[in-house]
Amino acid sequence: MLAVYLSPLYLLVSLYLLHRIFLWLSDLHPVFQHKAFRITAAILYLLTAFSPGIGFLVPAGDVQRILKELGYYWMGMMLYAVLIVAAADLIRLITKRLQRHPFRRMRPALAGTICFLLTAAVSIYGMVNARLIRITPYEVSVDKQAGALDSLRIALVADLHLGYNVGTSQMRQMVSKINAQKPDLVVIAGDIFDNEYEALDDPDTLARILSGIQSTYGTYACYGNHDIQEPILAGFTFPKEGKKMSDLRMDAFLAQSGITLLRDETILIDDAFYLCGRPDYERPGRGVTERKTPEEITSGLNPDKPLIVIDHEPRELDELSEAGVDLDLCGHTHDGQIFPVNLITNLVWENACGYLQKGNMHNIVTSGVGVFGPNMRVATKSEICILDVTFQS
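Residues numbered from 1 in each chain as written. Predicted model: local features only at pLDDT ≥ 70, side-chain atom pairs only at ≥ 80, totals over all residues. Heavy atoms only, no water.

Caption draft 1: Summary view of the nonpolar core. By size, the foremost hydrophobic cluster in this structure holds 31 residues, and its most contacted members are Leu-160, Leu-162, Met-171, Met-174, Ile-192, Leu-210 and Phe-253. Mapped by element, the contributors of at least two residues to this core are strand 2 (151-157), helix 6 (168-180), strand 3 (185-189), helix 7 (203-210), helix 8 (248-256), strand 7 (259-261) and strand 14 (382-391). Residues within four places of Leu-162 in sequence aside, it is in contact with Met-171, Ile-192, Phe-193, Asp-194, Leu-200, Leu-206, Leu-210 and Phe-253. If you look at the next biggest cluster of nonpolar residues, it comprises 29 residues, including Val-140, Ile-154, Ile-269 and Ile-310. (Core = buried A, V, L, I, M, F, W, Y, C linked by side-chain atoms within 4.5 Å. Buried < 20%, exposed > 50% of the residue type's maximum accessible area, 1.4 Å probe, protein only. Helix = DSSP H or I, 4+ residues; strand = E, 2+ residues; numbered from the N terminus. Contact = heavy atoms within 4.5 Å.)

See the structure below:
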């Protein structure tokens, strides 16, 4: 419902930007002052600006996909257009009364062109950057014996957000880069889907690509807060009666992809180490009434064997450390995904992205592979984390 309440503000911001665009174009050439042009441009602009809402209302199909994909691109471009134009207006207001300043004689045509070029440059960079998946290496040491293993190479990914923004091309790149690292274990720390199973561009092909992940011990996953079936508009969800759960097709998709889903379950791998997959903190999903506490996770386990936990959100770090967890692998934060959001994530999370040690526990939070909302990354990166874990010999 929040999206509905914010829609008047969104409309005002959209009209502010449209007004500034018209001022810029009118100063560029008289042809842009014609009424027919202004009406046509305003209609196209507003259709683009409200494409996320229109796509939310139309039936599922090709038209909906085009509108939603357009809307995700627009959300990012509009953010930077508004920030840049507002900054230009602020500079103009501050320097308005000064007799001498570099902006005093700048015409709207030049100011608008500078704003346009800056917006285009940042947006294009963000779109391209979101599709480049990097490798981020980590080395950690666990002071426990792991059977016959001296070391373990883990590939950690999260936040794939398979849907309108992320599809087969990104997954081919991800799988190829994972396999090139020759991991022993692959874990996916939640948000595999982007709320709507229908948003997958080609489920069978995606499953076939993901089934190509190669590792010694297999691929395991836990669900995140977006691994549920629910309507979503511009990043906002709507109230729904009953418990929010994954679509059964999502569960089947993972099985088809060769990915083992862990729902508050702990398994012993190769009689060497434990792997636990926690349900999401906010939306534990099907089969879980209330997720286990950190103490319940470790209860009954051999404390001499290493315990690796995958949990979508980096919460309860102190409790997990005190309970005896050795390695806690998370996602969720996207490292803020886009500037300036990435500046405030450290205020929200104790470990917003990267490495943190809590007692004897190593916590690693990945910025994720995919994107949510605006289809771009600015000042952050899409990544696969490669963890080289050594054990006591």
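Caption draft 2: Just the pattern of salt bridges, in detail. Summed over all chains, the structure comprises 20 salt bridges. Its salt-bridge partner being Asp-388, residue Arg-153 comes within 2.8 Å of it at the nearest N-O pair. One end of the pair, Arg-153, is in strand 2; the other, Asp-388, is in strand 14, and 235 residues separate them in sequence. A salt bridge links Asp-251 to Arg-286, with the shortest nitrogen-to-oxygen separation between them at 2.9 Å. With Asp-251 in helix 8 and Arg-286 in the loop between strand 9 (273-277) and helix 9 (294-298), this pair connects stretches of sequence that are 35 residues apart. Linked through salt bridges whose partners overlap, the residues forming this network are Arg-278, Arg-291, Asp-311 and Glu-316. (Salt bridge = Lys/Arg side-chain N within 4 Å of Asp/Glu carboxyl O.)

Caption draft 3: Structural view of the side chain of Asn-342. With respect to the helices and strands, the residue Asn-342 is situated in the loop between strand 11 (327-330) and helix 11 (345-348). Taking the relative accessible area as the measure of exposure, Asn-342 reaches 15% and is therefore buried. Other than its neighbours up to four places away in sequence, Asn-342 contacts Asp-335, Gly-336, Ala-379 and Thr-380.

Caption draft 4: Up close: the pairing of strand 8 (residues 265-269). Pairing analysis gives five bridges linking strand 8 to strand 9, with the strands arranged antiparallel. Looking at the pairing, Thr-266 lines up with Cys-276 of strand 9. Here strand 8 hands over to strand 9 after three residues, with Asp-270 in that stretch at a positive phi of 55°. (Pairing = 2+ DSSP bridges.)

Caption draft 5: Examining the layout of surface pockets more closely. When its volume is computed, the second largest pocket comes out at roughly 1,100 Å³. What lines the second largest pocket is a set of 40 residues, among which Trp-24, Val-85, Ala-111, Gly-112 and Cys-115 lie closest to the centre. At the level of secondary structure, the elements contributing two or more residues to the lining of the second largest pocket comprise helix 1 (2-28), helix 2 (35-49), helix 4 (62-95) and helix 5 (108-130). Ranked by residue count, the leading element in the lining of the second largest pocket is helix 4, at twelve residues. Looking at the lining of the second largest pocket, its residues break down into 29 nonpolar, five polar and six charged. (1 Å grid on protein atoms, 1.4 Å probe; cavity = no way out; pocket = protein on both sides within 12 Å on 5 of 7 lines; lining within 4 Å. Points joined across faces, edges and corners; volume = space filled by probe spheres on them. Nonpolar A, V, L, I, M, F, W, Y, C, P; charged D, E, K, R; others polar.)

Caption draft 6: Representation of the sheet that holds strand 14. The strand order across the open sheet formed by six strands is 1-14-2-3-4-7, and the pairing between neighbours is mixed. The open sheet has two free edges, formed respectively by strand 1 (133-142) and strand 7, since each of these has just one partner strand. In this sheet, neighbouring strand axes are inclined to one another by 25° on average, regardless of whether the strands run parallel or antiparallel. Here strand 1 runs beside strand 14; their pairing, made up of ten bridges, is parallel. Opposite Val-140, over in strand 14, you have Val-389 as the bridge partner. (Axes fitted to C-alpha atoms, helices over the stretch in contact; angles between N-to-C directions.)

Caption draft 7: Representation of helix 8 in the model. What helix 8 keeps buried is the set Met-250, Asp-251, Phe-253 and Leu-254. The buried residues of helix 8 all sit within an arc of 155° when viewed along its axis, so they share a single face. Turned more than 90 degrees away from the buried face of helix 8, the exposed residues are Leu-248 and Ala-255. Where helix 8 is buried, its residues meet helix 7 and strand 7. Among the residues trailing helix 8, Gly-258 stands out with phi positive, at a value near 75°. (Arc of directions from axis to C-beta.)

Caption draft 8: Examining the sheet that holds strand 12 (residues 354-358) more closely. Strand order in the open sheet formed by six strands is 8-9-10-11-13-12, and the pairing between neighbours is mixed. Among the strands making up the open sheet, the edge pair consists of strand 8 and strand 12. For this sheet the average axis-to-axis angle between neighbouring strands, irrespective of direction, equals 20°.

Caption draft 9: Representation of the environment of Val-378 within the structure. When you line up the elements, Val-378 lands in the loop between strand 13 (361-365) and strand 14. Between the C-alpha atoms of Val-378 and Asn-342, which are 36 residues apart in sequence, the distance is 8.8 Å. Aside from chain neighbours lying at most four places away, what touches Val-378 is Tyr-80, Val-122, Tyr-125, Gly-126, Gln-337, Ile-338 and Phe-339.

Caption draft 10: Region of interest: the packing of helix 4 against helix 5. The interhelical angle for the contact between helix 4 and helix 5, taken along N-to-C directions, is 145°, at an axis separation of 9 Å. In this structure, the crossing between helix 4 and helix 5 has a hand that is right-handed. On helix 5, the residues touching Tyr-73, Met-77, Tyr-80, Ala-81, Ile-84, Val-85 and Ala-88 of helix 4 are Cys-115, Leu-118, Thr-119, Val-122, Ser-123 and Met-127. Here the residues of the contact of helix 4 with helix 5 sort into eleven nonpolar, two polar and no charged. (Left-handed = near helix turned anticlockwise from the far one by under 90°.)

Caption draft 11: Here's a closer look at a negative patch on the surface. Where like charges cluster on the molecular surface, the negative patch consists of Glu-290, Glu-295, Glu-296, Glu-319 and Glu-322. Of all the secondary structure elements, the ones that give two or more residues to the negative patch are helix 9 and helix 10 (317-323). Structurally, Glu-295 is set in helix 9. The partly exposed category is assigned to Glu-295, whose relative accessible area is 45%. (Patch = residues over 30% accessible without salt bridge, like charges linked within 9 Å, V, L, I, M, F, W, Y side chains within 5 Å. Areas by Shrake-Rupley, 256 points an atom, 1.4 Å probe, with all protein chains shown as cover. Lys, Arg positive; Asp, Glu negative; His and termini not counted. Charge placed at Lys NZ, Arg CZ, Asp CG, Glu CD.)

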